[in-house]
Amino acid sequence: MSKLIFEISRKDRRAFELLSTRIEQKKAEELFPERYLRKEPARLPEVSELDVVRHFTELSTRNFGVDSGFYPLGSCTMKYNPKINEKVASYSGFANIHPYQPESTVQGALRLMYELSGSLAEITGMDKISLQPSAGAQGEMAGLMVIKKYHEKMGEYQRNKIICPDSAHGTNPASAAISGFDILQVKSNERGMVDVDELKRLVGSDTAGLMLTNPNTLGLFEEDIVEIASIIHKAGGLLYYDGANANAILGKSRPGDMGFDVVHLNLHKTFTTPHGGGGPGAGPIGVKEFLYPFVSVPVIEEKDGTYYLDYNRPDSIGKVKAFYGNFLILVRAYAYILSMGAEGLADVSSNAVLNANYMLSRLKDVYDVPFGERCMHEFVISGEKQKKMGASTISIAKRLLDYGYHPPTIYFPLVVKEAMMIEPTEAESMETLDEFIAVLRKINDEIEDNPEEVNHSPHTTVVGRLDEVKAARTPVVKYSFENNDQ
Ligand SMILES: *Cc1c(COP(=O)(O)O)cnc(C)c1O
């Protein structure tokens, strides 16, 4: 590892001095209260311009992204983000406008949002779209608040239970809880699908709704979806569709047709915005007409060719974010949809599903496949056999780093032991898939020969195995002089 920037610091070495930004000491004393003034100069690294360039360039290469290699992260579609999106999002008419500008000066931006809403409604089979939520989880919360408000409007205050399958993405029960619901869990049956008989036992006059991902997190299409929808609707509940990963259904099937009342999409996953590390995102929701009065404000409307933001909606849940959402992500999604076209989007699903099935069929003799002979856009294998030989799934994931791949999602969904959830996406070539398959098979051979070697991986990365809990709870993000004084 190269030296930290503080370690190469030499007294009075300078890159470039921005004289004009300096405030004279006397002036500063006039402008700011005493307690805001530095007693001593900040301890910054004293380095040359070349040192700075090398430092940041080196740091940038430590990140792994879709642009650096294969990233088969199940349930978090990491697919290629076409660069044309970036170009369109950088147009000054999009990038340099301000939310407080008069509507008459941003008609193009409003029209883009209006037309994007139309496309998303068409893709999902819903009547109306609300673009404001800025992440999948926030879309879930907004959608659940809509469901809650609807029941309250109907005078059904007792409807306080949301049903989630045991394979659900963690955000589903979390969003339900934060929206004030109690959560009931419905078990998966031996085929990895919602157990319809148990669902029948769970519904009642307190059912607010069911949250479902379809295809579910095992990568399987819930075949009984029409019956499931009818059970929930007959009980007076509503159906929520978690469409974070819509790569299997684009142009093929629509949540609206399956009977869902509310859906969210993750534009940053399915509709190609670079994402990760917590943002940025866009999680618009789609609703059936009868729920439209409740969505967050503002909504974008059109009258006689003029587009405007409508805030005058008395039954709305209010705002879930400032203004109308993460605008430049909406621009990227719009560019993506237009550049793909309807047929292109349907091809995305065909290829995403084909790629996943190809990989599944070439891995299943080596890794256990607990559910399903066929899959949709992703699949779940288990490392139980490998664990018995001495190296568990975490070690397989770490070993993949040595071979230059981002590991798949591991230990999720919870219903599969030693789970590895793989989503190759439509964008990858057969050669890439073959290479990754070969590596996963090779790691299995390595475990057979010498599991310890795999257990000590990664061998090639800047840092080895992190204490992930500690890294998240007590991160050390700044240089400390205490032990490293110059
Ligand atoms: C990613 C994901 C979410 C959450 O989306 P965020 O934008 O990360 O909040 C919800 N559900 C599923 C199935 C997901 O894959």
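Okay, so let's go over this structure. Worth saying up front: this structure is predicted, and the values here are computed from it rather than measured.

## A closer look at the overall build of the chain
Line of reasoning, step 1. Tallying secondary structure elements over the chain gives 17 helices and 12 strands in all.
Line of reasoning, step 2. What you see for the chain is a C-alpha radius of gyration of 26 Å, in line with the 23 Å of a compact globule of 486 residues.
Line of reasoning, step 3. Along the first, second and third principal axes, the C-alpha atoms of the chain reach 75 × 70 × 45 Å.
Line of reasoning, step 4. Looking at the 486 residues of the chain, the share that counts as buried comes to 49%.
Line of reasoning, step 5. Accessible surface, the chain: about 24,300 Å² in total, of which carbon and sulfur atoms supply 53%.
Line of reasoning, step 6. Averaging the positions of the 53 positive and the 66 negative side-chain charges in the chain gives two centres separated by 5 Å.

## Quick notes on the environment of Ala438
Line of reasoning, step 1. By the secondary structure assignment, Ala438 is in helix H15 (residues 430–449).
Line of reasoning, step 2. The class of Ala438 is partly exposed, set by a relative accessible area of 42%.
Line of reasoning, step 3. Residues Ala438 and Arg362 lie 76 residues apart in sequence; the distance between their C-alpha atoms is 9.3 Å.

## What about the site of the ligand?
Line of reasoning, step 1. Close to the ligand lie 13 residues; Ser75, Gly136, Asp242, His268 and Lys269 are nearest.
Line of reasoning, step 2. Backbone polar atom of Gly136 to an oxygen atom of the ligand: 2.8 Å apart, as the coordinates give it.
Line of reasoning, step 3. Between Asn266 and the ligand, the recorded distance is 3.0 Å, taken from a side-chain N or O atom to an oxygen atom.
Line of reasoning, step 4. Burial of the ligand by the surrounding chains reaches 86%, relative to a free accessible area of 390 Å².
Line of reasoning, step 5. Listing elements by their share of the shell around the ligand, those giving two or more residues are helix H6 (136–153) and helix H11 (267–270).

## Remarks on the state of the cysteines
Line of reasoning, step 1. All told, the structure shown has 0 disulfides when counted by the stated rule.
Line of reasoning, step 2. Cysteine Cys164 remains unbridged, with the sulfur of Cys76 as its closest cysteine sulfur at 19 Å.
Line of reasoning, step 3. Just so you know, Cys375 is unpaired, no disulfide at all, and the nearest cysteine sulfur is the one on Cys76, 18 Å from it.

## Quick notes on the sheet that holds strand E10 (residues 379–382)
Line of reasoning, step 1. The 3 strands are arranged E10-E12-E11 in an open sheet whose pairing can be described as antiparallel. In this open sheet, the two edge strands, each paired with only one partner strand, are E10 and strand E11 (409–410).
Line of reasoning, step 2. Sheet topology places E10 next to strand E12 (residues 419–422); 4 bridges connect them, and they run antiparallel. In the sheet register, Ser382 faces E12, and the bridge partner there is Ala419.

## Quick look at the packing of aromatic side chains
Line of reasoning, step 1. As enumerated under the stated definition, the model contains 14 aromatic pairs in all.
Line of reasoning, step 2. The interplanar angle of 80° and the centroid separation of 6.3 Å between the aromatic rings of Tyr150 and Phe294 together place this pair among those described as edge-to-face. Linking Tyr150 in helix H6 with Phe294 in the loop between strand E7 (285–287) and strand E8 (299–303), this pair joins segments that are 144 residues apart in sequence. When sorted by exposure, Tyr150 lands in the same class as Phe294, which is buried.
Line of reasoning, step 3. Plain terms: the ring middles of Tyr324 and Phe327 are 6.5 Å apart, the flat faces sit at 75° to each other, and that makes the pair edge-to-face.

Conventions and cut-offs
- Residues numbered from 1 in each chain as written.
- Predicted model: local features only at pLDDT ≥ 70, side-chain atom pairs only at ≥ 80, totals over all residues.
- Heavy atoms only, no water.
- Helix = DSSP H or I, 4+ residues; strand = E, 2+ residues; numbered from the N terminus.
- Rg over C-alpha atoms; globule rule 2.2 N^0.38 Å.
- Buried < 20%, exposed > 50% of the residue type's maximum accessible area, 1.4 Å probe, protein only.
- Areas by Shrake-Rupley, 256 points an atom, 1.4 Å probe, with all protein chains shown as cover.
- Lys, Arg positive; Asp, Glu negative; His and termini not counted.
- Charge placed at Lys NZ, Arg CZ, Asp CG, Glu CD.
- Near = heavy atom within 4 Å.
- Polar contact = N/O pair within 3.5 Å; in protein donor to acceptor, adjacent residues only side chain to side chain.
- Disulfide = S-S within 2.5 Å.
- Pairing = 2+ DSSP bridges.
- Phe/Tyr/Trp six-rings, centres within 6.5 Å; stacked < 30°, edge-to-face > 60°.

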